Amino acid sequence: MAARLTAYAVVAIVAATLIAGLIVGAQRDENEGPIDLIVRNAVVYTAIADGEMAEAVAVRGNQILRVGREREIMRLQRPQTTVIDARGAAVLPGFNDAHVHFVGGGIALDRIDLLNATTIAEIRQRIAAWAAANPDRPWVLGRGWYYQPFPDGLPTRQLLDEIVADRPAHLVAYDGHTAWVNSKALALAGITKRTADPRNGIIVKDPRTGEPTGVLKEAAMSLVGRLVPEPTGEDRERALRAAMVEAHRNGITSVQNASGSPEEFSLYADLRRAGELDLRVYSALSVKGVMSDAEIDEIEKVRREYPDDPLFKTGAVKAMLDGVIEAHTAAMLEPYANASSSGTPTVGVDEFNRTVRLLDARGWQVMTHAIGDRAVRMALDAYAHAARSNPVPARGRRHRIEHLETVAAIDLPRFGALGVIASMQPYHGTPTPSQIDVWSRNVGPERASRGWPYRSIVAGRGRLAFGSDWPVVGLNPLLGIHTAVTRTAVDGQPERGWHPEQRITLEAAIRAYTSDAAWASFDEQRKGTLEPGMLADLVILSRDIFSAPPHLLASTTVEATIFDGKIVYQRVRPLTD
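For the structure given in this document, a descriptive report is provided here. (Residues numbered from 1 in each chain as written. Predicted model: local features only at pLDDT ≥ 70, side-chain atom pairs only at ≥ 80, totals over all residues. Heavy atoms only, no water.)

When its secondary structure is counted, the protein shows 19 helices and 23 strands. Relative to its length of 577 residues, the protein is compact, with a C-alpha radius of gyration of 26 Å against a globular reference of 25 Å. Viewed in the frame of its principal axes, the protein has a C-alpha envelope of about 105 × 55 × 50 Å. Across the protein, the fraction of contacts at a sequence separation of at least 24, relative to all contacts at a separation of at least 6, is 73%. Summing over all exposed atoms, the protein offers an accessible surface of approximately 23900 Å²; the carbon and sulfur share of this is 53%. Of the charged side chains in the protein, 65 are positive and 69 negative, and the gap between their average positions amounts to 2 Å. (Helix = DSSP H or I, 4+ residues; strand = E, 2+ residues; numbered from the N terminus. Rg over C-alpha atoms; globule rule 2.2 N^0.38 Å. Contact = heavy atoms within 4.5 Å. Areas by Shrake-Rupley, 256 points an atom, 1.4 Å probe, with all protein chains shown as cover. Lys, Arg positive; Asp, Glu negative; His and termini not counted. Charge placed at Lys NZ, Arg CZ, Asp CG, Glu CD.)

Written as structure tokens, this is what we have:
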């Protein structure tokens, strides 16, 4: 018995010695190595579910070393340490925009911006001013117009002819699914009253004369769009650099590109090789709705060229199932409230099921554009079919539905049950007349009550991932968070919120833009939360949004953005000690 007790005592002493050694070693590692950056005097939200708030963050190299109380963190300061005073404001993980068209957004920065132009007079003024300032441009190009300012929700070529008569004009609606062109552009494309609608497209024509009105929906957009001069390689690189600057200004350190091609991927790869890609990019490959094994073999080559990497990778495909509600092209289960049609999916059920099954078997993540409740159901059914048909891929199954602006009540619990990510863009649903009036009129009040169903998705144990869909709307994540938390416009209207039962908490909205967005791109092991060992991507805001009233979210700004441990954006006032 005595021998046994002695043995136990020896084991206990050895174990205690080992534990003490580990603790001392960890402390020595923290204290002896260089501490490059400290953010102090902050309200730090780590984006860990149920995690406690902290006061400071320490960074070594491109990783977070410690998160905790300021007194503990400041003990790590060394002469070479850069110290940032957050002045009591919120510090979050860098925002991760889960749905952008990134190079396209950069290109749009050099064209007419019609976002937030809410009257015909303002639209006219912006177009005329750009045309006058760019007399040598062969085309007048821009995007962002809303349907609401125009009679019957659509503009006309005659109005655009009054503003631009000397050259072709091509202006894309804010949702990216309708083009407004002038008579010069129609003539160049050879579009007349006798031109038939292309497959999955509509040439809007005057019901009295049969003449084209200057509005082209969905696939018909390409009839003119293919004539627009393609941006050169230099144009695209310039656009990518400009887009990164815009992302940093908005606190964004990661994006998930919802469309892409091998040619575009090479732009990111070139900047990465040059050490100039200051953004983490997960990009999908754009594919048509039906794919064969041979076509999947081809995109496999692209995935092998751009495997998992902290800066740039692929691994997803983006498919389209329908259009948008404003243009009556989203696929609905029942006819639109103000039209006899219900929209048509871009591909048949069997064809789409087969394509998703083939992609799932190869381990691809499928991102499906589905806005109407019929298209959403088709996507959920296809994912369920793949799960029944294939073993679970090595990295897991994280298929996504993009947009899902309307969902049938019976389908809401299926997101959690199937593990399907609801990739949503809250600012699309901001209840301003320009963005919600035409949408609400088209679907009717019953379906409108299920618009942008954040809380219902979460209640069904589903996972959200938030993005902007830039350049459809601006990049600012705080506007999307404001919309999800308050269900109001930036002016606080409607006072009680638009269908306020779908509001979510501030913490849940932030996670949808950080930790849950990282999960949506298979990156949760290296980014999305502020904890030791994670990549040092942070954003410092202008106020403590956790103690401020929710209506101030929309006016909150980004004071500094830290990417990979480096300050890549800082507002006018200096924050460093």
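Here we take up the pairing of strand β16 (residues 312-320). Here β16 lies mainly inside the structure; eight of its nine residues are buried. Taken together, the five bridges between strand β15 (residues 280-286) and β16 define a ladder with parallel strand orientation. Paired with Y282 across the strands is K313, a residue of β16. In terms of handedness, the path from β15 via helix α10 (residues 293-305) over to β16 forms a crossover that is right-handed. Sheet analysis places β16 next to strand β17 (residues 365-370), joined by five bridges and oriented parallel. When the sheet's bridge partners are listed, A316 is paired in β17 with Q365. Taken together, β16, helix α11 (residues 349-361) and β17 form a β-α-β motif whose crossover is right-handed. (Buried < 20%, exposed > 50% of the residue type's maximum accessible area, 1.4 Å probe, protein only. Pairing = 2+ DSSP bridges. Right-handed = clockwise from strand over helix to strand, strands pointing away.)

What follows covers the sheet that holds strand β10 (residues 169-173). One key point about sheets: their strands pair by backbone hydrogen bonds, in either a parallel or an antiparallel sense. One open sheet accounts for six strands, arranged β8-β9-β10-β11-β13-β12; its pairing is mixed. The two strands at the open ends of the sheet, each matched to only one other strand, are β8 (112-113) and β12 (201-205). The pairing of β10 with strand β11 (residues 178-181) spans three bridges and is classified as antiparallel. Of the residues in β11, the one forming a bridge with V172 is A179.

Moving on: the sheet that holds strand β14 (residues 252-257). If you trace the eight strands from one edge of the open sheet to the other, you get β7-β14-β15-β16-β17-β18-β19-β20, paired in parallel fashion. The two strands at the open ends of the sheet, each matched to only one other strand, are β7 (95-100) and β20 (463-466). Averaged over all pairs of adjacent strands, the angle between their axes in this sheet comes to 25°, without regard to strand direction. Here β7 pairs with β14 via four bridges, running parallel. The residue bridging N96 from the neighbouring strand is S254, located in β14. Helix α9 (residues 262-273) contacts β14, β15 and β16 of the sheet and is inclined by roughly 165° relative to β15. (Axes fitted to C-alpha atoms, helices over the stretch in contact; angles between N-to-C directions.)

Quick look at the environment of T118 now. Within the secondary structure, T118 sits in the loop between β8 and α4 (120-133). Residue classification places T118 among the partly exposed residues on the basis of a relative accessible area of 40%. For T118 and L479, which are 361 residues apart along the polypeptide, the C-alpha to C-alpha distance reads 18 Å. Look past the residues within four positions of T118 in its chain and what remains in contact with it is Q148, P149 and S434.

Excluding glycine, a negative phi dihedral is what most residues carry, and trans is how most peptide bonds are arranged. Put simply, W470 and P471 share a cis peptide bond, and its omega is 10°. Locating P471 in the fold gives a position in the loop between β20 and α17 (477-486). Residue Q493 is joined to P494 through a cis peptide bond whose omega torsion reads -10°. Position of P494 relative to the elements: it lies in the loop between α17 and α18 (506-512). For H328, which is not glycine, the phi torsion reads 60° and is therefore positive. The backbone of D469 sits at a positive phi, close to 70°, despite the residue not being glycine.

If you check helix α8 (residues 233-249), its first and last C-alpha atoms are 25 Å apart, about what 17 residues at 1.5 Å a residue would give, namely 24 Å. For α8, every residue scored as buried is listed here: A239, L240, A243, M244, E246, A247 and H248. On its buried side, α8 packs onto α3 (102-108), β14, α9, β22 (558-563) and β23 (566-570). G251 sits one or two residues past α8 and shows a positive phi near 75°. (Expected span 1.5 Å × (residues − 1).)

All right, on to the pattern of salt bridges then. Between side chains of opposite charge, a pair can form when the charged atoms approach closely. Summed over the entire model, instances satisfying the criterion amount to 39 salt bridges. Among the salt bridges present, the one from D235 reaches R238, with a minimum N-O distance of 2.6 Å. Taken together, the positions of D235 and R238, both in helix α8 and three residues apart, correspond to about one turn of that helix. D235 sits in the partly exposed class, given a relative accessible area of 28%. (Salt bridge = Lys/Arg side-chain N within 4 Å of Asp/Glu carboxyl O.)

Below, the discussion takes up the side chain of N390. Turning to its location among the elements, N390 is positioned in the loop between α12 (373-389) and β18 (400-403). Here the side chain of N390 touches R357 through a polar contact of 2.9 Å, landing on its backbone oxygen. In this structure N390 touches R357, D360, A361 and R397, once residues within four positions along its chain are discounted. (Polar contact = N/O pair within 3.5 Å; in protein donor to acceptor, adjacent residues only side chain to side chain.)

To continue, consider the packing of α10 against α11. For the pair α10 and α11, interaxial distance at closest approach is 11 Å and the crossing angle is 40°. Classed by the angle they form, the pair α10 and α11 counts as oblique. Between α10 and α11 lies a crossing of right-handed hand. When α10 is examined against α11, the residues D293, I296 and I299 are found in contact with a partner set consisting of R354, L358 and L359. Considering only residue class, the contact of α10 with α11 consists of four nonpolar, no polar and two charged. (Parallel < 35°, antiparallel > 145°, perpendicular 65-115°, else oblique. Left-handed = near helix turned anticlockwise from the far one by under 90°. Nonpolar A, V, L, I, M, F, W, Y, C, P; charged D, E, K, R; others polar.)

Time to look at the nonpolar core. Formed by 124 residues in total, the largest nonpolar core has its most connected members in F102, I127, I401, F415 and F466. Contact partners of F102, with chain neighbours within four places excluded, come to L240, A243, M244, A247, V255, N257, Y268, L279 and W470. Core analysis: the next-biggest nonpolar cluster, separate from the first, contains 18 residues, A86, L530, I540 and A560 among them. (Core = buried A, V, L, I, M, F, W, Y, C linked by side-chain atoms within 4.5 Å.)

Tracing the sequence through the fold places T514 in the loop between α18 and α19 (515-520). With near-sequence residues (within four places) excluded, T514 lies in contact with A47, P93, G94, F95, N96 and G528.

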